[in-house]
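So the chains spell out like this:
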Amino acid sequence: MKLLSIESSCDETSSAVLEFNRDQVKVLSLATFSQAKIHRQYGGVVPEVAARNHCLNILPVIEKVVGRTDIEKIKAIAVTNRPGLMTSLMVGLETAKVLSYAWNKPLIAVNHLEGHIYAGMMNAEEDKKNEILHAPLQKNIFPAVCLIISGGHTELILMKAHGKYQLIGRTRDDASGECFDKCAKILGLPYPGGPAISCLAKAGNSDKHDLPRPLLSSPNFDFSFSGLKTAVLYLHRDLKEKAQISQTQLQNLCASIEQAIVDVLISKTLKAIEKFKPKSLIISGGVAANQRLRFQFQKAVKIGSDPSLQNLSLYLCPLSLCGDNAVMIGLAGYMHWLKNDFVSWKDVRAYPSEKLGLKIKS
Ligand code: KG4
Ligand code: ZN
């Protein structure tokens, strides 16, 4: 079955056509217009500017992926309707509603975070040449602990079955990606800050600065990154007062920031694994593209001494699907399709701050 998907919750306008055949998914076409360069001049995403650019790009992006596909063969349209920037979400959603009405196709509303989780489950390594992803939709990978790390979210979610989520913990202030972005801004690096910090961190020494690891030993699964950002602000100011910051100092700062964020994410996730004893760990979202994080998570899961790690399967999101894209919305959308979970264009709405699952008491 073929499915058209649309994503516009933040600053990426993206659409894809996917073909599903049991556990195999083929990405027939994908087009993403990233607004990163546009928002760089403001040092972050400006919602009004994002929505205007979605308006300009949504139809060209959809036209590109639909191309000469026979519209008859598209069985449904999946679109992100929550959470995200309200006006950005509305551009994608209203477009999907019009197409659903005009083409008479069922409409599927997808939670953006659910999209990140489903992207995280994919195993793109197996058949890169033919761009076939392997979706473990038939395989029992549950219960799974999911770590979603992006510019807007840092959440630990317990997933007991397809579409069944419970919130274990979340950030109390900034998201991990937001922390990368804000620290980069302090250091005078361009937006988005994650890739910029990561690039400089490669040549840096993470032991040079002892940055805080907020809530590291708190008895719950919540995160906090605003204190780390403030510590970077003061440290950078102090270093600058002494002398001009050298390239080596900048590299060391970047490595220390990256390591502090990775330490907190790994420590809390391992704690959740100890408690919930899942079969799988799924890591996804823009920050999951971070190489230090990927390497250290693989290592931690392999050599950790807790028995709950022995049979744990690690699903690290394929690099191509870490950042926002419409493939992930199509993947989650297909799961809703299998459950006949559709919405009507007449009453579906966008919700800017909807959560994924209710919080478990910890
Ligand atoms: O998932 P995403 O594309 O958008 C949201 O849903 O927010 O994530 C974007 C975030 C940005 O904060 C960006 O700085 C961060 O992901 N990011 C990274 C890396 N690549 C992107 N953070 C750390 N290391 C990276 N390599
Ligand atoms: Zn995202």
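Being a predicted model, the structure only gives us computed values, none of them experimental.

A.B. asks: I'm lost on the coordination of the zinc ion (ligand 2) in this one. Help?
C.D. replies: Geometry reference: four tetrahedral donors at a metal, ideal angle 109.5 degrees. Six octahedral donors, ideal angles 90 or 180 degrees. The zinc ion (ligand 2) binds to the protein through His-112 (NE2), His-116 (NE2) and Asp-324 (OD); the donor distances cover 2.0 to 2.1 Å. Taken together, the four donor atoms surrounding the zinc ion (ligand 2) define angles of 94 to 140° at the centre, an arrangement classified as irregular. Within one chain, the residues donating to the zinc ion (ligand 2) are spaced in sequence as H-x3-H-x207-D. In this pair, His-112 and His-116 both sit in helix α4 (residues 112–121), four residues apart, roughly one turn of the helix.

A.B. asks: I tried to follow the state of the cysteines on my own but got confused; where do I start?
C.D. replies: Simply put, the disulfide is a covalent bond whose two ends are the sulfur atoms of two cysteines. The tally for this structure, following the rule as stated, stands at zero disulfides. Sulfur of Cys-179: no disulfide; nearest cysteine sulfur belongs to Cys-183 and is 4.0 Å away. For Cys-179, a relative accessible area of 0% gives the class buried. Among the cysteines around Cys-317, which has no disulfide bond, Cys-322 carries the closest sulfur, lying 4.0 Å off.

A.B. asks: Explain the site of ligand 1 here, please?
C.D. replies: The environment of ligand 1 is made up of 19 residues, and the closest members are Gly-151, Asp-181, Gly-194, Gly-286 and Asn-290. Take Gly-286: an N or O atom from its main chain is 3.0 Å from an oxygen atom of ligand 1. Here ligand 1 has 560 Å² of accessible area as a free molecule, and 87% of this is covered by the chains. Its atoms largely coinciding with the cavity grid, ligand 1 occupies the largest pocket. Elements represented by at least two residues in the shell around ligand 1 include exactly α4, α5 (176–186) and α6 (193–201). Of the residues assigned to the shell around ligand 1, the class counts are six nonpolar, eleven polar and two charged.

A.B. asks: Hey, could you run me through the packing of α5 against helix α7 (residues 226–242) in this one?
C.D. replies: Helix-helix packing: each pair is described by the crossing angle between the helix axes and the interaxial distance. Where α5 meets α7, the closest approach of the two axes is 10 Å, and the angle between their N-to-C directions is 15°. By the angle class used here, α5 and α7 are roughly parallel. Judged by the twist between their axes, the crossing of α5 over α7 is right-handed. Side by side, α5 and α7 meet where Cys-179, Lys-182, Cys-183 and Ile-186 of the first sit next to Leu-228, Lys-229, Val-232, Leu-233 and His-236 of the second. A breakdown of the residues in the contact of α5 with α7 according to their chemical character gives six nonpolar, one polar and two charged.

A.B. asks: Whenever I open this one, the sheet that holds strand β1 (residues 2–7) confuses me. Can you help?
C.D. replies: Remark on secondary structure: sheet strands pair via backbone hydrogen bonds, oriented parallel or antiparallel. The six strands are arranged β5-β4-β1-β2-β3-β6 in an open sheet whose pairing can be described as mixed. At either margin of the open sheet sits one strand with a lone partner, and together these are β5 (107–111) and β6 (132–134). Direction aside, neighbouring strands of the sheet carry axes that sit 30° apart on average. One ladder, built from five bridges, connects strand β4 (residues 74–82) with β5; its direction is parallel. Residue pairing for β5: Thr-80 is matched across the bridge by Val-110. Along the sheet, helix α3 (residues 86–103) contacts β1, β4 and β5; its crossing angle with β4, the most-contacted strand, is approximately 155°.

A.B. asks: What am I meant to see in the layout of surface pockets here?
C.D. replies: One water molecule sets the probe size; rolling that probe over the atoms shows where empty space is left. If you add up the space inside the largest pocket, you get close to 1,200 Å³. If you go around the largest pocket, you meet 46 residues; those closest to its centre are Ser-150, Gly-151, Gly-152, Asp-181 and Tyr-191. At the level of secondary structure, the elements contributing two or more residues to the lining of the largest pocket comprise α4, α5 and α6. The element that contributes the greatest number of residues to the lining of the largest pocket is α5, accounting for six residues. Here the lining of the largest pocket is composed, by residue class, of 15 nonpolar, 21 polar and ten charged.

A.B. asks: Looking at this model, I keep getting lost on the pattern of salt bridges. Mind explaining?
C.D. replies: Any two side chains of opposite charge can pair, given that their charged atoms come close. One pass over the full model with this rule turns up eleven salt bridges. Here Asp-174 ties to Lys-182 by a salt bridge, and the two come within 3.2 Å at their closest N and O atoms. Owing to a relative accessible area of 7%, Asp-174 belongs among the buried residues under this scheme. Look at Lys-182 and you get partly exposed, because its relative accessible area is 30%. In this structure, Asp-263 and Arg-213 form a salt bridge, with 2.9 Å as the shortest nitrogen-oxygen distance.

Criteria and cut-off values
Residues numbered from 1 in each chain as written. Chains lettered and ligands numbered in written order. Predicted model: local features only at pLDDT ≥ 70, side-chain atom pairs only at ≥ 80, totals over all residues. Heavy atoms only, no water. Donors = N, O, S within 2.8 Å, 3.2 Å for Na, K, Ca; no water. Tetrahedral: all angles 85-135°; square planar, octahedral: opposite > 155°, others 65-115°. Helix = DSSP H or I, 4+ residues; strand = E, 2+ residues; numbered from the N terminus. Disulfide = S-S within 2.5 Å. Buried < 20%, exposed > 50% of the residue type's maximum accessible area, 1.4 Å probe, protein only. Near = heavy atom within 4 Å. Polar contact = N/O pair within 3.5 Å; in protein donor to acceptor, adjacent residues only side chain to side chain. Areas by Shrake-Rupley, 256 points an atom, 1.4 Å probe, with all protein chains shown as cover. 1 Å grid on protein atoms, 1.4 Å probe; cavity = no way out; pocket = protein on both sides within 12 Å on 5 of 7 lines; lining within 4 Å. Sits in = over half its atoms within 2 Å of the grid points. Nonpolar A, V, L, I, M, F, W, Y, C, P; charged D, E, K, R; others polar. Axes fitted to C-alpha atoms, helices over the stretch in contact; angles between N-to-C directions. Parallel < 35°, antiparallel > 145°, perpendicular 65-115°, else oblique. Left-handed = near helix turned anticlockwise from the far one by under 90°. Contact = heavy atoms within 4.5 Å. Pairing = 2+ DSSP bridges. Points joined across faces, edges and corners; volume = space filled by probe spheres on them. Salt bridge = Lys/Arg side-chain N within 4 Å of Asp/Glu carboxyl O.

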